[in-house]
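# Descriptive analysis of the structure
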Amino acid sequence: MNAILPRYSGTIGESVAHDAVEVEIMVDDTAAAVAPPAINAAATKTDGLGCHAGKTELSAAAKAAGKSEILDRYAADYPKGPHDQPQSMCPAFGSLRVGLRMRRTATILSGSACCVYGLTFTSHFYGARRSVGYVPFNSETLVTGKLFEDIREAVFKLADPALYDTIIITNLCVPTASGVPLDLLPDEINGVRIIGIDVPGFGVPTHAEAKDVLAAAMLEYARKEVEQGPVQAPRGGRSERPTVALVGEMFPADPVGIGMMLEPLGLAAGPVVPTREWRELYAAL
Ligand code: SF4
């Protein structure tokens, strides 16, 4: 996939509104069949410290809890440079708002209450007119593995295909450091895609990288779907010319300007990833 990286901008003021809906969902009995994951109890002692202290400890705890691979990947993909990590609010806001902007997409956060408070406050400050799901925990549910079961149950309850195409679950600092294994969640429930990502402040430098983490997870999922058979065409139909996908967020006029630059090359501007709708992802593959 070719990519053009635009300047960073954006609010979530154009979020698609969803009214809150009560849903009655059957919880799959197989939930009980999943073995409780190994949990790193030491990480619970540093609750909420990911963004201003204790990064080293949390990072070590996460590696001990089996998250080495993803943290090493983040470190390789997102080198921090001479200034380490800029002071900003929780990086996870970058991925949270991506989900909040997508149609028929539900988002669930798993993290300390103070982190979730800050993230949801900022989301609504920027106009996210829909709910952010939250699976709370305490030391006991974290240590015993009950948190993972709670997340799993929440996902099953929320996975109503009449309402959602996709559910995104995000591990914040403490659940990541504790090794809560979102990769053990089903890939799909009742036709609703389930995507779990780790976005710890001690592994993901800024909003931009957090957004990329989610965009990459969605593209990977979409790629597997394409490989399995026909998928929905983009809403506007397929382009007649080869397209260049645009990665990042842009001002509304950017794709137009980029498209004009691409035209002499016989190319067209493709979708802007992250997209506003799942089916648009296929055009970026
Ligand atoms: S999840 Fe975000 S707000 Fe919470 S400790 Fe980590 S970086 Fe800070």
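See the structure shown above.
This text gives an overview of the structure that appears in the document.

For Ala-283, the position within the fold is in the segment after helix H9 (278-281). On the accessibility criterion, Ala-283 (28% relative accessible area) is partly exposed.

In this section: the packing of aromatic side chains. Counted by the stated rule, this structure contains five aromatic pairs. Here the aromatic rings of Tyr-117 and Phe-121 are separated by 6.0 Å at their centres, their planes lie at 40°, and the arrangement is tilted. Of the two residues, Tyr-117 and Phe-121 both sit in helix H3 (residues 113-125), four residues apart, roughly one turn of that helix. Ring geometry for Phe-125 against Tyr-126: centres 5.4 Å apart, planes inclined by 85°, an arrangement best described as edge-to-face. Looking at Phe-125, the relative accessible area reads 62%, which means it is exposed. A network of ring pairs unites the aromatic residues Phe-93, Phe-125 and Tyr-126 as a single cluster.

Our focus in this paragraph is the pairing of strand E5 (residues 192-198). The element E5 is largely enclosed, with a buried count of six among its seven residues. Note: strand E3 (residues 166-171) against E5, six bridges, orientation parallel. Paired with Ile-168 across the bridge in E5 is Ile-195. Where strand E4 (residues 188-189) meets E5, two bridges bridge the pair, whose relative direction is antiparallel.

Moving on: the pattern of salt bridges. The final tally for this structure, using the stated rule, is ten salt bridges. With a shortest N-O distance of 4.0 Å, Lys-224 and Glu-220 are connected by a salt bridge. Of the two residues, Lys-224 and Glu-220 both sit in helix H7 (residues 207-228), four residues apart, roughly one turn of that helix. We classify Lys-224 as partly exposed; its relative accessible area is 48%. Within this structure, Arg-103, Arg-235 and Glu-277 form a network of salt bridges that share partners.

This next bit is on helix H8 (residues 254-262). When we look at burial in H8, the residues that qualify are Asp-254, Ile-258, Gly-259 and Leu-262. On an axial view of H8, the arc spanned by its buried residues comes to 130°, and they lie on one face. The outward face of H8, more than 90 degrees from its buried face, is lined by the exposed residues Val-256 and Met-260.

Scanning the model with the defined rule gives zero disulfides in all. Left unpaired, Cys-114 is separated from the closest cysteine sulfur, that of Cys-115, by 4.1 Å.

For the rest of this paragraph, the subject is the side chain of Arg-193. Here Arg-193 shows up in strand E5. By relative accessible area, which is 14% here, Arg-193 ends up buried. Within polar-contact distance, the side chain of Arg-193 engages the side chain of Tyr-282 at 3.3 Å. Residues within four places of Arg-193 in sequence aside, it is in contact with Asp-165, Thr-166, Ile-167, Asp-187, Glu-188, Tyr-221, Glu-225, Trp-278 and Tyr-282.

What counts, and at which threshold
- Residues numbered from 1 in each chain as written.
- Predicted model: local features only at pLDDT ≥ 70, side-chain atom pairs only at ≥ 80, totals over all residues.
- Heavy atoms only, no water.
- Helix = DSSP H or I, 4+ residues; strand = E, 2+ residues; numbered from the N terminus.
- Buried < 20%, exposed > 50% of the residue type's maximum accessible area, 1.4 Å probe, protein only.
- Phe/Tyr/Trp six-rings, centres within 6.5 Å; stacked < 30°, edge-to-face > 60°.
- Pairing = 2+ DSSP bridges.
- Salt bridge = Lys/Arg side-chain N within 4 Å of Asp/Glu carboxyl O.
- Arc of directions from axis to C-beta.
- Disulfide = S-S within 2.5 Å.
- Polar contact = N/O pair within 3.5 Å; in protein donor to acceptor, adjacent residues only side chain to side chain.
- Contact = heavy atoms within 4.5 Å.

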